[in-house]
Amino acid sequence: MTPLYQTGRVSAALETTAAWCLAVLWILPLAYALWASIHPSAYSAHFVLDAPLTTENFVKAWNAAPFSRYFLNTFLLVTMILAAQLVLCTLAAYAFARFEFYGRELAFILVLLQLMIMPDVLIVENYRTMTALGIVDTIPAIGLPYMASAFGIFLLRQTFKTVPRELDEAARVEGASPLQVLLKVYVPLAKPVYIAYGLVSVSYHWNNFLWPLIVTNSVNTRPLTVGLQIFASSDQGIDWSVITAATLMTSAPLLIAFLLFQRQFVQSFMRAGIR
Amino acid sequence: MSVVRDISRGADGEAARPLPPSPRRASPRQWATHINGWLLLLPAAIMLAVFTHYPAVATIIDSFFSTPKGARPAVFVGLDNYQAMIEDPIFWHALDNNIIYALATIPLTIALAMAMAVVVNGKIAGRAFMRLSFFTPTVLPMIAVANIWLFFYSPGYGLIDQALGLFGVPAHNWLGNEHTALACLIVVAIWKDAGFFMIFYLAALQQMSPALGEAAALEGASRWYFFRRVTFPLLMPTTLFVLINAIINSFRLIDHIVVMTRGGPNNTTELLLFYIYEVGFKFWDTAFAATLTVVLLVLLALLALGQFVFLDRRIHYQ
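In this report, the structure presented in the accompanying data block is examined. All figures in this text were calculated on a predicted structure; none of them were measured in a lab.

**Considering the interface of chain B and chain A**
Each partner contributes residues to the interface: chain B has 98 residues there, and chain A has 86 residues. Both sides of the chain B and chain A interface together cover about 8,600 Å² of buried area, and 76% of this is carbon and sulfur. For chain B, the biggest contributors to the area lost against chain A are B:Leu40, B:Phe51 and B:Arg223; these three give 9% of the whole. Linking A:Arg128 and B:Asp62 is a salt bridge whose minimum nitrogen-to-oxygen distance equals 2.9 Å.

And the structure:
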């Protein structure tokens, strides 16, 4: 969009240089992590072009902790949360968007409250609830507080409200029940929003740490983030190369997915943010 | 209400007829709407009630009781927990630190996010790489980010000390020093979040009409003038959205503290939620942790109220 501003060449060049410096500075930590993980630890802070490449750090990290189990746990966790969120939020959003029912305004405000008071800050009481339910140290216990997502309900409600009523009514005239209308009319039309919400949700829960740290205490339930922390803080002789390898390994699926589907990711985060 | 009803009756030509005894009785079809609406909402409502509303209320109730220990159940202690909290120097440290942390992180993150978005939105060479570089920290887990930065800060052979060593600056224990530890965490938080907020600015910039820029160029306005008088005000709704999220983040995200400093040295990186975590799950003093959580809830509620009362009314451009 930038048209012909009254900009001198010098200031334009300065601006470009500054922008480039910022971009390089920003990628530096990650570039460093990559460097350390693919070189022997002797080269972890010693930058020469002929440093030998190795995959040894990844092998060491993989063998030093049950990462395969952690990957499985995280995978189960994000899948379970997303599936539950999609069902719960779709139904609730449909109710808010297209049904006049007693107490709707109040109910909606109560839902929106969760945008501010997130489960992340209610750790003490939620832990007590999980204890009472007898499900501490299970994967569902990590996911339960996040399943009814105010954000998801809000996002889908806004989308459903843009669906023309004529489509809805046409389907009803043909004898479709409210649930059939939802599945045949609303859900297909909201597909881009579902993709956006799915990406945001998966990256949030893949990366979530504090609540899983609190509510899990065994290998069979710990997600990757908690597993990584336990691995990195235990006595590994502070071999940074192995730790950065483990760090990259745990972030790799998201990172690779992001690099492959960059546009999708960025647009999803945009879409999720425009309210 | 009555005005609306009168008009509709007039339209039906039934205005003269007296009203039936219960004019608002719902028809079976309306009942079906009410019931269907609630049935659709019910699953989410139950989950929200159990894991958001109940714990929020229970937190407040528990803050007036003692922590149950072994066979001894919780007893009502009135404001004792609050008294203890006010007398607890670590609580005040945590609150002060959290405010400093928020005040330092938020403006810098927002300014950087805005600058990044303007840069990436322009016709600069290599902007695909730039967008990638700015946004990538967002998809990394905070726990991974903290582990990477931990090495940068490590005294002597960490990258920062090595770089400074080239200029003859002596080694420095960045995270172990009371004066620099919090600043180190602030840098990490800015690095992680700026690219995330950039996305929202980018979205807003792309919705702006190019005609604005063309008109300003015709008038001979400088780029800085254009940004200050046109772009910045038009980005205001986005800034407020970002601001709210940044404030919430500064109270919600403490993963890097668990990895990098654990609140030390000498409580200089103790933030509110980390302190709640320590009290609740290290010392198992759940009543005191609930009392601390009440403070956090009050802060977040004030934020919600502020957004509701103040901001929603003032910011309407579109």
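**Notes on the pattern of salt bridges**
All names here are of chain A. Inspection of every chain in the model, using the stated rule, returns six salt bridges over all chains. A salt bridge links Asp-168 to Arg-172; its shortest N-O distance comes to 2.9 Å. Of this pair, Asp-168 and Arg-172 both sit in helix 8 (residues 165-173), four residues apart, roughly one helical turn. For Asp-168, a relative accessible area of 5% corresponds to the buried category. Since its relative accessible area comes to 29%, Arg-172 is described here as partly exposed. When salt bridges with common partners are traced through the structure, they connect Glu-100, Arg-104 and Glu-105 into a single cluster.

**Some remarks on unusual backbone geometry**
All names here are of chain B. Although it is not a glycine, Arg-262 adopts a positive phi angle of roughly 50°. Turning to its location among the elements, Arg-262 is positioned in the loop between helix 12 (255-260) and helix 13 (272-281). When its relative accessible area of 41% is taken as the criterion, Arg-262 is described as partly exposed.

**Focus: the packing of aromatic side chains**
Inspection of every chain in the model, using the stated rule, returns 34 aromatic pairs over all chains. A centroid spacing of 5.1 Å and a plane angle of 85° characterise the contact between B:Phe200 and B:Phe241, whose relative ring orientation is edge-to-face. Residue B:Phe200 is located in helix 8 (residues 181-207), and its partner B:Phe241 is located in helix 11 (residues 236-252); the two are separated by 41 residues in the primary sequence. You can call B:Phe200 buried: its relative accessible area is 7%. Above the face of the A:Phe108 ring, A:Arg157 is positioned so that its terminal group lies 4.1 Å from the ring centre.

Conventions and cut-offs
- Residues numbered from 1 in each chain as written.
- Chains lettered and ligands numbered in written order.
- Predicted model: local features only at pLDDT ≥ 70, side-chain atom pairs only at ≥ 80, totals over all residues.
- Heavy atoms only, no water.
- Contact = heavy atoms within 4.5 Å.
- Buried area = accessible area lost by both parts, 1.4 Å probe.
- Salt bridge = Lys/Arg side-chain N within 4 Å of Asp/Glu carboxyl O.
- Helix = DSSP H or I, 4+ residues; strand = E, 2+ residues; numbered from the N terminus.
- Buried < 20%, exposed > 50% of the residue type's maximum accessible area, 1.4 Å probe, protein only.
- Phe/Tyr/Trp six-rings, centres within 6.5 Å; stacked < 30°, edge-to-face > 60°.
- Lys NZ or Arg CZ within 6 Å of the ring centre and 35° of its normal.

Taken by themselves, the reported measurements are silent on function.
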